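Here is how the chains run, residue by residue.
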Amino acid sequence: MYDVVIVGSGTAGMTAAIYVQRAGKKALVLDEAGFGGQIVFTSCIENYPGIQNVSGPEFADGLHKQAEELGAEFKVERVISIEKKEKAFSIITGVAIYEAKSVIVATGVKSRKLGIEGEEKLVGSGVSYCATCDGNFFKGRDIAVVGGGNTALEDAEVMSGIANKVYLVHRRDEFRGEQLTVERLKTKDNVEFVLNSKPVEVVGNFAVEGLKVLNTLDNKERMLEVSGVFVAVGHVPDNKAFEKLINLDPQGFVDAGENCRTNIDGIFAAGDCRNKKVRQLITAAGDAAVAAVAAIEHANKV
Ligand code: NAP
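How each quantity is defined
Residues numbered from 1 in each chain as written. Predicted model: local features only at pLDDT ≥ 70, side-chain atom pairs only at ≥ 80, totals over all residues. Heavy atoms only, no water. Pairing = 2+ DSSP bridges. Helix = DSSP H or I, 4+ residues; strand = E, 2+ residues; numbered from the N terminus. Axes fitted to C-alpha atoms, helices over the stretch in contact; angles between N-to-C directions. Near = heavy atom within 4 Å. Polar contact = N/O pair within 3.5 Å; in protein donor to acceptor, adjacent residues only side chain to side chain. Areas by Shrake-Rupley, 256 points an atom, 1.4 Å probe, with all protein chains shown as cover. Disulfide = S-S within 2.5 Å.

### Details of the sheet that holds strand S13 (residues 210-215)
Taken together, the three strands give an open sheet; going across it, the order is S12-S13-S14, and neighbouring strands pair in antiparallel fashion. Edge positions in the sheet fall to strand S12 (197-203) and strand S14 (221-224), since each of these pairs with one other strand and no more. The average undirected angle you get between the axes of adjacent strands in this sheet is 25°. Pairing of S13 with S14 involves four bridges; the strand directions are antiparallel. Of the residues in S14, the one forming a bridge with Leu 214 is Glu 221.

Structure, rendered in structure tokens:
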């Protein structure tokens, strides 16, 4: 019997594990894909208080080391469902069933797909959802980044130092991401903003040969001759495994307020998987502290 099982090992999950272990309780962290979450796809974190500049993987490594050294257990297993027992919870994965007094859901989010022709077929052959991971394969080549949020802006910035030419394709003429990064991008000779433009097709048979975009103002199509397309159009939650037990909002985020409590006493939600406005590293860590303290209090009562 664990005190707290944490589902998801991104910033929220690992921070929660640190708090649980530091309270003298036993935490198990389950994640289908190793540890780190979305932050490992970020090349450079510049907005976490007290840290001027750190890479996403380095930040995640630090959290993992800290949690593990405190005694948190990590297992790479996908949680299929959670069942409420008389006093505790059963957390069912593909290979085992774990018992816990409290559960923290910290499943984060996954990359949203464009859903256009050619995208799925060419994943791994020029279509990527992670510039930090795949950027170096496109050294000296022409690429497109799609999206207008911070991820797309950061990807474009990273790729401007690697690729020959970077097209930043956004469906509006205003960016959602930070103005500071937009201004930096404007100074780069090899970055071209392709605004008011919707991607309609990734072209290529065995590898990406181009990205066809539609200008929404004049309805004209343009072919960007690129060998890489980095898709950074936001994220979607992945909480289907819990929908029978805990309330989700219409978009699939866990319905929990700032106190991180779900509709089930003893199950808490932390980080990007929760229904909230600001999804940042610092809010994931903040949620994790709130959820962990509440989960520990609940475990003490069981
Ligand atoms: P995001 O902020 O949700 O931005 C997604 C972008 O993709 C938006 O510009 C959106 O356009 C566009 N988009 C969505 N669906 C599209 C579609 N089907 N076709 C074309 N474009 C589409 O996502 P994000 O950039 O991944 O960021 C997620 C969160 O993480 C944000 O809160 C962000 O601030 C944060 N983040 C922070 C950092 C950092 O602090 N260092 C780094 C990365 C991300 P519209 O604008 O028109 O809706």
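After that view, the rundown keeps rolling.
### Observations concerning the pairing of strand S6 (residues 97-105)
Pairing between strand S1 (residues 2-7) and S6: five bridges, direction parallel. In the sheet register, Val 4 faces S6, and the bridge partner there is Ser 102. Pairing of strand S5 (residues 89-93) with S6 involves four bridges; the strand directions are antiparallel. Residue Ile 92 lies in a different strand from S6, and its bridge partner there is Ile 97. Here S5 hands over to S6 after three residues, the two strands then running antiparallel side by side. Examined bridge by bridge, S6 and strand S17 (residues 267-269) share three bridges and lie parallel to one another. By the bridge assignment for S17, Val 105 is matched with Ala 269.

### Things to note about the site of the ligand
Inspection of the region around the ligand gives 19 residues, with Asn 47, Asn 150, Thr 151, Arg 172 and Arg 176 positioned closest. Note that an oxygen atom of the ligand is positioned 3.3 Å from one of the side-chain N or O atoms of His 235. The separation between an oxygen atom of the ligand and a polar main-chain atom of Arg 279 is 3.1 Å. The protein chains hide 79% of the 910 Å² of surface that the ligand would expose on its own. With three residues, the single largest contributor to the shell around the ligand is helix H4 (residues 150-160).

### Focus: the state of the cysteines
By definition, a disulfide links two cysteine residues through a covalent bond between their sulfur atoms. Per the counting criterion, the structure on display carries one disulfide. A disulfide bridge connects Cys 130 with Cys 133, and the sulfur atoms are separated by 2.0 Å. Residues Cys 130 and Cys 133 are joined through a disulfide that is right-handed, its torsion about the S-S bond being 80°. The cysteine Cys 260 is free of any disulfide, with Cys 273 supplying the nearest cysteine sulfur at 8.9 Å.

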